Amino acid sequence: IAKEEIFGPVMTVLKFKTLEEAIVRANATSYGLGAGICSRDIGRALSVAHKLRAGTIYVNCWNVVKPNTPFGGYKQSGVGRELGEDALDNYLEKKTVIVDLSYEDEKDEKAAGDATGGPN
């Protein structure tokens, strides 16, 4: 049950000896839509959340979805993001334009020298 992507109100509770063991086990699945952490130590919970390979990490809550936060999974749990600004990436085609502006500087310096009749 802990290695499948199950949709429904299911909570898997497993024993572990170390926190690192729990993180390794949680990441040892092919899926990563969401994960939940229950803890009184928020700092530790955030540290664990940073190490988990899942698209949404819930700490002391579950199924809280806000329209301004990206929603989507890691690994085989989907491609891209819904909601939030990141959802716009599905509709955009990005382009990189690289310009060497030193050519324009050289041209401007030459034109300035020509206008005064002297060398640059």
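Not measured: the values here are computed from a predicted model.

Explain the overall build of the protein chain to me, please; I cannot follow it from the model alone.
Helices and strands together make up the secondary structure of the protein chain, namely three helices and four strands. Secondary structure of the protein chain in N-to-C order comes out as α-β-β-α-β-β-α. The 120 residues of the protein chain split such that 14% are buried. Taking the intrachain contacts of the protein chain between residues at least 6 apart in sequence as the baseline, contacts between residues at least 24 apart amount to 34%. Per element, the accessible surface of the protein chain, about 9,900 Å² overall, is 55% carbon and sulfur.

Would you explain the packing of aromatic side chains in this entry?
Across all of its chains, the model carries one aromatic pair by this definition. Ring plane angle 55 degrees and centroid distance 4.6 Å describe the contact between Tyr 58 and Trp 62, whose orientation is recorded as tilted. On the accessibility criterion, Tyr 58 (7% relative accessible area) is buried.

What's the story with the environment of Ser 102 in this structure? I'm lost.
By the secondary structure assignment, Ser 102 is in helix H3 (residues 102-116). For Ser 102, the side chain forms a polar contact with the side chain of Asp 100, separated by 2.5 Å.

Each value, and the rule that gives it
- Residues numbered from 1 in each chain as written.
- Predicted model: local features only at pLDDT ≥ 70, side-chain atom pairs only at ≥ 80, totals over all residues.
- Heavy atoms only, no water.
- Helix = DSSP H or I, 4+ residues; strand = E, 2+ residues; numbered from the N terminus.
- Buried < 20%, exposed > 50% of the residue type's maximum accessible area, 1.4 Å probe, protein only.
- Contact = heavy atoms within 4.5 Å.
- Areas by Shrake-Rupley, 256 points an atom, 1.4 Å probe, with all protein chains shown as cover.
- Phe/Tyr/Trp six-rings, centres within 6.5 Å; stacked < 30°, edge-to-face > 60°.
- Polar contact = N/O pair within 3.5 Å; in protein donor to acceptor, adjacent residues only side chain to side chain.

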